[in-house]
Amino acid sequence: MPSTVTAGPRIIPRLLRTSAITLTLCLSHYGWSATLPADLKWESNNADPVFADPAAKRGGTFRGFMTSFPLTLRVYGPDSNGGFAGYVRETNLPLLSTHPVTGNPMPMLANEWAFGADHKTLYLRINPKARWSDGQPVTADDWLFTLKLLRSKEINDPWYNNYYSTQISDVTKFDDHTLAISSGSAKSRQDLLESLPFTPAPSHAIKITADWVKEYNWKVLPVTGPYQLGEVKKGKSVTFERVKDWWGNDERYFQHRFNPDRIELKVLRDQNIAWQHFLRGELDTFPLVMPNWWHDKTRTPEFEQGYIERLWFYNQTPQSPMGLYLNTADPLLRDLNVRLGIQHALNLDKMLTTLLRGDYQRLNSYGSGQGEFTNTELKARPFDPELARQYFAKAGFTKPGPDGTLQNDKGQPLTLSITYTTAEHAQRLTLLREEAKKAGLNLELNLMDASAGFKSMLEKKHQSAWMGWSTSRYPAYWEYFHKVNANKPQTNNIMNINDDAITALVEQYDKEFDFAKKAALSRQIQQRLYELASFVPAYQVPYTREGAWRWIKLPKLPATPKSELLYWPLDGSNSGYSYGGLFWIDEETKAQTRAAIKAGQPFPPVTLIDTTYQQK
């Protein structure tokens, strides 16, 4: 499990202004099919290397945990964008994904694709084997319906309403297994592949009603992926069951993957309690990215006697914009000088070198690891209490109070509330609070349950938020920075940025065809965000570290360069790459290990550090 809030739509949101549904879509919706262009050059990909292990064994129950129970099982609408959404979204597959080693398009629900001469349209042929988990065929009608659903007001989701009314201009059906998805303006082929092949909803199992949000809050729907939601014990656990005779079992890039029969996720709200479950063998794996877990907490008999193994795997994934998000609509934070002062009042470098053992790297801007789309000229503002006080003074905070906190002429103390959702981060934030006192800034730390905390952020009830968004191959900006999403609940603009300059850049970015120019616009957007000083970059982690009981097996090359987690049971394609589902459970080793524990017989301790994909 991730060590902090990591959330957000796991598709690439590049919004474009465009027209309403065209006649072609209307005709297709009512059953008439358009004429397929005769000059299309169909492409596929059945030659890239497989990255699963033929030695993988099918069967068993994989036992993991989550720190809060989901507020809904829906993937659209209110409260659907929390951490659990990462599981539910990945029970359905997109049309295409990206190969995690070569970067080429990779078949998922579609096995062929072609590009229109207009640079707007992507044609796709659905794999005729594709089935929903209830046995119904996957057809072009599912995409026609999904577009209608995501444009409907009944789902009460402004992000999806806007995205699928602007970015996706048309869905055209040619026959049951052939469709086209069109953008509102010309795009490069990379951009079309990135933004258009969206994931369908089961048209035969959903009805759009006025009470849709409530009706589908806990409804389990058919899926196209290898796992479907099974038993849901509210407040306690969620179980996924492997789909019997899943249609994708023999497809090239699905073979030897998704091996457990069941995935059981317990709700364990405290990571220290979850850790005790793990040491007792009640959980199969545990994240060890946080330095104190890797360096200190693994000094237990279970690790030292080889029952649990440690693995440090360097990857090449885009880095989450992890840091402090300032709500610029807050009366205190409307003042740029206050925001600039906060930038210099947080001693993040001390946090990195002491508490985090130097394992993490300082993040300099809004995310990194996205090539030319990252503005590498930006450098995080250093801790400088005197400079911070100068900025605070410009905002009117000049008089120290009884506890040293600066006050303005009205007696208002310079206090910033920080909402966070991971208890393990309390020590980090406490260090920042103590150091901030040197600049006359008082930090109030507000720990919340993960689901409730993220809901609070989306509803803009926070003053500041300590968190990170999920990322993809190329940056997404519209949902986070465009002013249309400011001061509205249930949007991802949690900083409430209402800035004409950054909005104009975001709109240019979304319309730009040329990738080099698009990258240049990305760097300008990051520059403008830096000037607004509403985001305080914290750190990046170019690897994953995890512990696993020795019966959980991985391929010889444990993961791909794009693997965010080693033991992610689902596909991973909602992050842009297909990389998960590589591990398996060795029941013989499990029985052997339990017998050895009972007999007091140790194994050699195992710590593996894989640098295959480490970036020098």
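Residues numbered from 1 in each chain as written. Predicted model: local features only at pLDDT ≥ 70, side-chain atom pairs only at ≥ 80, totals over all residues. Heavy atoms only, no water.

Participant: Would you mind showing me how to read the sheet that holds strand β9 (residues 227-233) here?
Facilitator: Sheet architecture is open: four strands sit in the order β2-β11-β10-β9, paired in mixed fashion. Two strands in the sheet have a free side with no partner beyond their single neighbour: β2 (61-66) and β9. Adjacent strand axes in the sheet meet at a mean angle of 20 degrees, parallel and antiparallel pairs treated alike. Where strand β10 (residues 237-242) lies against strand β11 (residues 262-267), five bridges are found, and the strand directions are antiparallel. Bridged to S237 within β11 is K266. (Pairing = 2+ DSSP bridges. Helix = DSSP H or I, 4+ residues; strand = E, 2+ residues; numbered from the N terminus. Axes fitted to C-alpha atoms, helices over the stretch in contact; angles between N-to-C directions.)

Participant: Explain the domain arrangement of the chain to me, please; I cannot follow it from the model alone.
Facilitator: Accessible area lost upon the coming together of the parts is a frequently used measure of interface size. On domain assignment, one finds that the chain holds domain 1 (42-49 + 68-216) and domain 2 (322-540). Here domain 1 and domain 2 have C-alpha centroids that lie 32 Å from each other. Contact residues are listed per partner, giving 21 residues for domain 1 and 22 residues for domain 2. Between domain 1 and domain 2, a total of about 1700 Å² is buried, with carbon and sulfur atoms accounting for 53% of that surface. Residue D79 is joined to K455 by a salt bridge in which the shortest nitrogen-to-oxygen separation is 2.8 Å. Our enumeration of links across domain 1 and domain 2 arrives at eight residue pairs in polar contact (both at pLDDT 80 or more). (Domains from an automatic or database assignment. Contact = heavy atoms within 4.5 Å. Buried area = accessible area lost by both parts, 1.4 Å probe. Salt bridge = Lys/Arg side-chain N within 4 Å of Asp/Glu carboxyl O. Polar contact = N/O pair within 3.5 Å; in protein donor to acceptor, adjacent residues only side chain to side chain.)

Participant: Is there a simple way to think about the sheet that holds strand β25 (residues 607-610) in this case?
Facilitator: Two modes of strand pairing occur in sheets, parallel and antiparallel, and in both the strands are linked by backbone hydrogen bonds. Reading across from one edge, β12-β22-β13-β25 is the order of the four strands in this open sheet, with mixed pairing throughout. For this open sheet the edge positions go to β12 (285-287) and β25, each flanked by a neighbour on one side alone. Within the sheet, the average angular offset between the axes of one strand and its neighbour, ignoring direction, is 20 degrees. With seven bridges joining them, strand β13 (residues 308-314) and strand β22 (residues 543-549) adopt antiparallel strand pairing. Looking at the pairing, L311 lines up with E546 of β22. Across the face of the sheet, helix α7 (residues 271-279) comes into contact with β12, β13 and β22 while running at roughly 150 degrees to β12.

Participant: Please explain α7 as it appears in this structure.
Facilitator: Each turn of an α-helix holds 3.6 residues, which means side chains three or four residues apart point in the same direction. Those residues of α7 lying buried are Q271, A274, W275, H277, F278 and L279. Its side-chain oxygen 2.6 Å from the backbone nitrogen of N272, D270 forms the N-cap of α7. (Buried < 20%, exposed > 50% of the residue type's maximum accessible area, 1.4 Å probe, protein only.)

Participant: Mind showing me how you'd approach the pattern of salt bridges here?
Facilitator: A side chain with one charge can pair with a side chain of the opposite charge if their charged atoms come near. Inspection of every chain in the model, using the stated rule, returns 27 salt bridges. Note that K455 and E459 form a salt bridge whose closest N and O atoms lie 3.1 Å from each other. For K455, a relative accessible area of 28% translates into the label partly exposed. Under the relative-accessibility criterion, E459 is labelled partly exposed at 23%. In this structure, a network of salt bridges that share partners links the residues D79, K455, E459 and K461.

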